[in-house]
Amino acid sequence: MWGLLLALGAFAPAVGLGLGAPGASVLGLAPPATTEAPGWTPAPRSSPAQPPAERANGTSEQHIRIRVIKKKKVIMKKRKKLTRPSPRVTARPLVTTSPAGTVNLTEKQEPGCPPLGLESLRVSDYQLEASTSQSFGLGPHRGRLNIQSGLEDGDLYDGGWCAEEQDSEPWLQVDARHPVRFSGVVTQGRNSVWRYDWVTSYKVQFSNDSRTWWGSKNHSSGMDAVFPANSDPETPVLNLLPEPQVARFIRLLPQTWLEGGAPCLRAEILACPVSDPNDLFPEASVLGSSDPLDFRHHDYKAMRKLMKQVNEQCPNITRIYSIGKSHKGLKLYVMEMSDHPGEHELGEPEVRYVAGMHGNEALGRELLLLLMQFLCREFLRGDPRVTRLLTEMRIHLLVGLNQPVSWQGSELVGWAEGRWNHQGIDLNHNFADLNTQLWEAEDDGLVPHTVPNHHLPLPTYYTLPNATVAPETRAVIQWMKRIPFVLSANLHGGELVVSYPFDMTRTPWAARELTPTPDDAVFRWLSTVYAGTNRAMQDTDRRPCHSQDFSLHGNVINGADWHTVPGSMNDFSYLHTNCFEVTVELSCDKFPHEHELPQEWENNKDALLTYLEQVRMGIAGVVRDKDTELGIADAVIAVDGINHDVTTAWDGDYWRLLTPGDYMVTASAEGYHSVTRSCRVPFEEGPVPCNFLLTKTPKERLRELLAAGAKIPPDLRRRLERLRGRKN
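Residues numbered from 1 in each chain as written. Predicted model: local features only at pLDDT ≥ 70, side-chain atom pairs only at ≥ 80, totals over all residues. Heavy atoms only, no water.

The name given to the protein chain in an unreviewed UniProt entry is Probable carboxypeptidase X1, with Prolemur simus as the source organism. In its Subcellular location (unreviewed entry) section, the UniProt record describing the protein chain reads: "Secreted". According to UniProt, the comment filed for the protein chain under the heading Cofactor (unreviewed entry) is "Zn(2+)". (UniProt positions renumbered as here; feature names shortened; annotations may be inferred.)

A word on the overall build of the protein chain. Looking only at helices and strands, the protein chain features 14 helices and 29 strands. Considering the protein chain as a whole, with its 728 residues, one finds that 57% of them fall into the buried category. Across the protein chain, contacts joining residues at least 24 apart in sequence account for 76% of those joining residues at least 6 apart. (Helix = DSSP H or I, 4+ residues; strand = E, 2+ residues; numbered from the N terminus. Buried < 20%, exposed > 50% of the residue type's maximum accessible area, 1.4 Å probe, protein only. Contact = heavy atoms within 4.5 Å.)

So, about the state of the cysteines. Taken as a whole and assessed by the stated rule, the structure comprises five disulfides. Between the sulfur atoms of Cys113 and its disulfide mate Cys272 the distance is 2.1 Å. Every disulfide takes its handedness from the sign of the S-S torsion; for Cys113 and Cys272 that torsion is -115°, giving left-handed. Taken together, the residues Cys113 in the loop between strand E5 (104-106) and strand E6 (128-130) and Cys272 in strand E13 (residues 264-273) connect sequence positions 159 residues apart. Neither Cys113 nor Cys272 differs from the other in exposure class; each is buried. Disulfide partner of Cys679: Cys690, at an S-S distance of 1.8 Å. Of the two residues, Cys679 sits in strand E27 (residues 675-681) while Cys690 sits in the loop between strand E28 (688-689) and strand E29 (692-694), which places them 11 residues apart along the sequence. Note on accessibility: Cys679 and Cys690 belong to one class, buried. For the protein chain, the bonded cysteines pair up as 1-4, 2-3, 5-6, 7-8, 9-10 when numbered in the order they occur along the sequence. (Disulfide = S-S within 2.5 Å.)

With that out of the way, let us pick up unusual backbone geometry. The linkage connecting Val447 with the following residue, Pro448, adopts the cis geometry, with an omega of 5°. Here Pro448 lies in the loop between helix H6 (435-443) and helix H7 (460-463). A positive phi angle, close to 75°, is found at Leu121, a residue other than glycine. Tracing the backbone shows Leu121 in the loop between E5 and E6. Of note, Asn555 is a non-glycine position whose phi angle comes to about 65°, a positive value. With respect to the secondary-structure elements, Asn555 resides in the loop between helix H9 (520-533) and strand E20 (556-558).

Every buried residue of helix H4 (residues 384-392) is listed here: Val386, Leu389 and Leu390. The buried residues of H4 occupy an angular sector of 90° when projected down its axis, which confines them to one face. Structurally, H4 contributes buried residues whose contacts are with strand E15 (331-337), helix H3 (363-381), strand E17 (394-398) and helix H12 (597-613). One side-chain oxygen at the N-terminal end of H4 lies 3.1 Å from the backbone nitrogen of Arg385; it belongs to Asp383. (Arc of directions from axis to C-beta. Polar contact = N/O pair within 3.5 Å; in protein donor to acceptor, adjacent residues only side chain to side chain.)

What follows covers the packing of aromatic side chains. All told, the structure shown has 18 aromatic pairs when counted by the stated rule. Ring geometry for Phe206 against Trp214: centres 6.1 Å apart, planes inclined by 40°, an arrangement best described as tilted. As far as burial versus exposure is concerned, Phe206 and Trp214 are alike and both buried. One aromatic cluster is present, formed by Trp439, Phe502, Phe523, Tyr574 and Phe580 through successive ring pairs. Sitting over the face of the ring of Trp479, Arg352 holds its NZ or CZ atom 5.9 Å from the ring centroid. Directly above the aromatic system of Phe692 lies the positively charged group of Arg677, at a separation of 6.0 Å from the ring centroid. (Phe/Tyr/Trp six-rings, centres within 6.5 Å; stacked < 30°, edge-to-face > 60°. Lys NZ or Arg CZ within 6 Å of the ring centre and 35° of its normal.)

Written out as structure tokens, the structure is:
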């Protein structure tokens, strides 16, 4: 789907890829191309790359990102006030009084207000209302920041809220369910491949009962403030209120919008909780975790510092190493966790988590930092589950493959900014396409006798010095070759689903098509294990993130059946190494606010641990030379009925993930006679030992003797003479 969207970007309005509107130019702090409403005075602005600065009185200055649209006009509609505005509420350090004397609450002192949760789905559909809607797919429940539409307009999953064209006084309303301190609003236009629709200015009103409303006032004139909104569909625009307001309801009232379009928007509301000493309202749900971990977003410097702290706290089970450098010269650090860090132990599998492939998908990075803290802490406490994990496997955590270009969060940078690395390369499309050469060989009947069904070599074009291969991608490929990984997960964000290989459709140019691997049963099991233990994915009351309801299929999907991804790391890992890897889309919000991290950790903690434990599923063993009892490297392990083999590591050990059942397994190696045996995988936790002893062929024995300068044994000489006689 990404490829199709990119192709459409040349003539379509901006969609989730962050495409600019035709005729638009970014002019920094230029004013919006709209007529100022009476009584509006622009708030101070600063560079959009900086976070909101604090004023001395505790409120925040207003920062706005604006694009000027040329050759476009906006219309302005005169509106009647909904109600007579009540006296303005002003946030004070301790106490605020709402209109009509309905609520008196003591505020919690916080430096800034987090998102209310429209993007992260903490705000449910029934909390959103609107004056009118053009259709169900453009209803108020779709007015969420960064929500993405499908390719078809007019379906149930459109890209924003849109009022009816004849609605003279449109509004979008959010019920916080409890009194909160509203401090700001972030807006976008409608996400659509086919249309341009965005609001260029709006007013804001508040209420405690949804009947009596008062507006946000301009400091200088005392009139209702009119806030500048968007000048393209995708760039988020932040407006901080002149004075924070304590209320339960907030309304956004579009004043002007793009000529020829409709009043359409997506929004996020910034709001701080307030205390309720009189218990006038139901208790608000609290996002939290009982684990004493560092729940913050970490830039590169903070990430290194935290990893060093974990290493110093648990030096006997951790090791920090680098697999290479990024395009910007930053080291790509990995945290290794095991009872014997730094060495591959015979019979112990290697597993990995990779986060940050897309720089704007920050949750995976923070979850891995939390995971390493948790494993260290619980190991020191003697937790049996964690102790077993660290003694039975070696865990590698690649925290930040692609460092983000911005740390402002998705509320300010939008859906796509920071996705690519600093070269403009999407790392998830940058691995070698091995699928095509495998499928062409299969169509020609060359697999597996002429062309192997595993460990396919890199194409020649991919190894050339001028090949478009990011240094991050090359580093990961070399990392895969050095360590015999068995199991992996690639952590992404922006959805709630687990996708599994193949990620690329077998039919050329097909946008989506079910394309399973020979190990489809294993991949479906692995995906189901993570989805089935993830709290958010198992929440039956949650709504879909964007335009597909993955809960109908257990929150798992074949990657190619979702949208084709040529050059994905998952497919490459399966075809070039022994490793089975899935992609986990962790959250609807790619860059959740810090105060949401504890809940995100609780949503994923058990899933992260349970998924690692699946490396025990299947068979494992060592392939040895019968005479020397030394391990045989690169021996091939083939399972009857599954057209995909794995190989042994340098000391002869192997792991083959399989679902429960009876299997005929063959071990073979160059210079040895093959051996086949039956291996049963029970439903109980494994892995099941399945070892092999291989005997050298006479030809191999002769080669070794001649290489050593030894005389040929009489029995072997006579056998060779008989063979020569048969040929003559």
